[in-house]
Amino acid sequence: MFASGDGLRTGRDLTDHLRARLSTVLTRFAPAPTGALHLGHVVNAIYVWGLARALGGRVLLRIEDHDRQRARPEFERALLDDLDWLGFEADLYPAGAYRMGRCDGRQSERDAIYRAALAPLAAAGLVYGCRCSRADQAGDRYVGTCRARNIPLDDGVGWRLKLDPGIEAFDDGLLGPQEQDPSAQCGDLLIRDRLGNWTYQFVAAVDDTVQGMTLVVRGHDLLPSTGRQIRVARMIGRAAPAVFAHHPLIMKTATQKLSKSDGDSGVADLRGAGWSADDVIARARELSGIESFE
Ligand code: GLU
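Residues numbered from 1 in each chain as written. Predicted model: local features only at pLDDT ≥ 70, side-chain atom pairs only at ≥ 80, totals over all residues. Heavy atoms only, no water.

**What about the overall build of the chain?**
The criterion, for reference: The numbering of helices and of strands both runs from the N terminus, where a helix is a DSSP run of H or I of at least 4 residues and a strand a run of E of at least 2. Just to be clear, the radius of gyration here is over C-alpha atoms, and the globule rule we use is 2.2 Å times residues to the power 0.38. For each residue, the accessible area found with a 1.4 Å probe, counting protein chains only, is set against the maximum for its type, and the residue is called buried under 20%, exposed over 50%, and partly exposed in between. Contacts are residue-level and defined by heavy atoms, with any inter-residue pair within 4.5 Å sufficient. Per-residue and other accessible areas were derived by the Shrake-Rupley procedure at a 1.4 Å probe size, with only the shown protein chains allowed to occlude residues. Within this scheme the basic residues Lys and Arg register as positive and the acidic residues Asp and Glu register as negative, but His and the chain ends are omitted. Here the site of a charge means NZ on Lys, CZ on Arg, CG on Asp, or CD on Glu.
Looking only at helices and strands, one finds ten helices and nine strands in the chain. Taken against the 2.2 N^0.38 rule, which gives 19 Å for 294 residues, the C-alpha radius of gyration of the chain at 19 Å falls within 12% of a compact globule. When its C-alpha atoms are laid out on the principal axes, the chain stretches across 55 × 45 × 35 Å. When burial is assessed residue by residue, the chain has 51% of its 294 residues classed as buried. Contacts spanning at least 24 positions in sequence make up 76% of the contacts within the chain whose residues lie at least 6 apart. Working note: accessible area of the chain is about 13,400 Å², and carbon and sulfur atoms make up 51% of it. Of the charged side chains in the chain, 37 are positive and 39 negative, and the gap between their average positions amounts to 5 Å.

**Focus: unusual backbone geometry**
Residue Tyr93 is not a glycine yet carries a positive backbone phi of 50°. Within the fold, Tyr93 resides in the loop between α3 (73–86) and α4 (95–99). Since its relative accessible area comes to 25%, Tyr93 is described here as partly exposed. One non-glycine residue, Asn150, adopts positive backbone phi at about 55°. The residue Asn150 is located in the loop between β3 (127–130) and β4 (158–161) in this model.

**A closer look at the pairing of strand β5 (residues 168–172)**
Operational definition: Strands pair, by our definition, only if DSSP identifies at least two bridges between them.
On β5, burial follows the alternation: Glu168, Phe170 and Asp172 on one face are buried, whereas Ala169 and Asp171 on the facing-out side are not. Looking at chain direction, β5 and strand β6 (residues 176–180) are connected through five bridges and run antiparallel. Each residue of the ladder has a partner; that of Ala169, found in β6, is Glu179. Remark: three residues form the turn of the hairpin made by β5 and β6, two consecutive strands paired antiparallel.

**Details of the site of the ligand**
Here is the rule we go by: We define proximity as follows: a residue is near a molecule or strand when any one of its heavy atoms falls within 4 Å of that partner. Any pair of N or O atoms that falls within 3.5 Å is considered a polar contact. Within protein, one atom must be able to donate a hydrogen and the other to accept it, and sequence-neighbouring residues count only if both atoms are side-chain atoms.
Surrounding the ligand, one finds Arg28, Ala30, Pro31, Ala32, Glu64, Tyr200, Arg218 and Leu222. Contact between the ligand and Ala32: an oxygen atom at 3.5 Å from a main-chain N or O atom of the residue. A distance of 2.6 Å is found between an oxygen atom of the ligand and a side-chain nitrogen or oxygen belonging to Tyr200. Relative to its free-state accessible area of 300 Å², the ligand is covered by the protein chains to the extent of 78%.

**A closer look at the side chain of Asp208**
With respect to the helices and strands, Asp208 occurs in helix α7 (residues 200–210). Residue classification places Asp208 among the buried positions, given a relative accessible area of 4%. A polar side-chain atom of Asp208 sits 2.6 Å from a polar atom in the side chain of Arg62. Filtering out sequence-adjacent residues up to four positions away, Asp208 remains in contact with Arg28, Arg62, Met213, Val216, Gln229 and Arg238.

**Some words on the pattern of salt bridges**
Selection criterion: The salt bridge criterion pairs a side-chain nitrogen of Lys or Arg with a carboxyl oxygen of Asp or Glu, the two atoms within 4 Å.
The full count for this structure, using the stated rule, is 22 salt bridges. Among the salt bridges present, the one from Arg147 reaches Asp188, with a minimum N-O distance of 2.8 Å. Of the two residues, Arg147 sits in the loop between β3 and β4 while Asp188 sits in the loop between α6 (182–186) and β7 (189–192), which places them 41 residues apart along the sequence. Overall, Asp188 belongs to the buried group, its relative accessible area being 4%. In this structure, a network of salt bridges that share partners links the residues Arg28, Arg62, Glu64, Arg110, Asp207 and Asp208.

**Brief notes about the nonpolar core**
Condition: The definition of a nonpolar core used throughout is a set of buried Ala, Val, Leu, Ile, Met, Phe, Trp, Tyr and Cys residues joined through side-chain atoms within 4.5 Å.
Tyr47 and Leu86 are the most contacted members of the largest nonpolar core, which has 51 residues in total. No other element matches helix α2 (residues 39–54), which puts eleven residues into this core. Ignoring sequence-local partners within four residues, the contact set of Leu86 consists of Leu37, Val42, Val267, Ala277, Val280 and Ile281. Grouped together as the second largest cluster of nonpolar side chains are 24 residues, Tyr114, Trp159, Trp198 and Phe202 included.

**Topic: the packing of aromatic side chains**
Cut-off, in case you're wondering: Two rings from Phe, Tyr or Trp (for Trp, the six-membered ring) form a pair when their centres are within 6.5 Å of each other. A pair whose planes differ by under 30 degrees is stacked, one over 60 is edge-to-face, and the rest are tilted. Geometrically, a lysine NZ or arginine CZ counts as sitting over a ring once it is within 6 Å of the ring centre and also within 35 degrees of the ring normal.
Enumeration over the complete set of coordinates arrives at seven aromatic pairs. Both rings, one in Trp49 and one in Phe88, keep their centres 5.0 Å apart while their planes meet at 35°; by these two values the pair is tilted. Placement of the pair is Trp49 in helix α2 and Phe88 in the loop between α3 and α4, with a sequence separation of 39 residues. An aromatic cluster is defined as three or more aromatic residues linked by ring pairs; in this entry it consists of Tyr114, Trp159, Trp198 and Phe202. If you follow Arg192 out to its NZ or CZ, it ends over the ring of Trp159, 4.2 Å from the centre.

**With respect to helix α10 (residues 277–288)**
Definition in use: Expected span of a helix, by definition, is 1.5 Å for each gap between consecutive residues, and there is one gap fewer than residues. Note that the arc is computed from the directions linking the helix axis to the C-beta atoms.
Relative to the 16 Å expected for twelve residues at 1.5 Å per residue, α10 spans 17 Å between its end C-alpha atoms, a close match to the ideal helical length. If you check which residues of α10 are buried, you get Ala277, Val280, Ile281, Ala284 and Ser288. The arc that holds the buried residues of α10, viewed along the axis, is 95°, so those residues lie on one side. Exposed residues on α10 whose side chains face more than 90 degrees from its buried face are Asp278 and Glu286. For α10, the elements touching its buried residues are α2, α3 and α9 (267–272).

Printed below as a string of structure tokens:
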């Protein structure tokens, strides 16, 4: 059972809670092809597909290759193969759609969509060019040095979205009520970097909006991003935000999260070592304590 402050909503309780809040469920699995699929992804996929199936909803597969320096086609191919092998088949943009070549589910092919989302914000004077580097920031917060410099939105400079101070409150499906002030967290949001890459925060918010996601289920590490993504979604015209649910990450040790570089957790490595898909899913369930959603 869930009570605020005293733990997570899980299993059937989570399904019932989401069913009461959502009439239509469209959710997504959104890996970045910057490494191999590992048990952490499998945990997320169990939540995403498990909840979608329990709620009679659909799953969209989005390939988050917005970072063109880090994303690689061979990682994408391996991700698709691993998902197929595990039996996670998307309803929208399934693996086969990516294998055909061009696919609208790939963020690197959505530049026109991101520019269209940006246009009204830029016209309203809410976006500015920025020459600062990370070293100019106070911790994670950008202090606004270039806000008044009138640097045009050219290639070769960063593009930032002005964020006014203010709280975003949301009721996390797993964690309960949350409050975040995006401006206090990160200052004006970098939406495109000086290399011309759209940033995760911007494209995730745009895609979740234009693709009509009603439910976003992802790991706890992304909880701090949610207020800013809700804010961006509202600024580009989304009336009511998606419902967000952030699940626990599986940890390597009490303080270290599992990462792609941990050889023993890669899906392909486990498969190579003779594990069946059911073994891998059972291991992910066991490590994360996932209960049945039905
Ligand atoms: N692409 C992100 C990742 O691989 C997931 C983003 C999201 O679910 O919002 O961690």
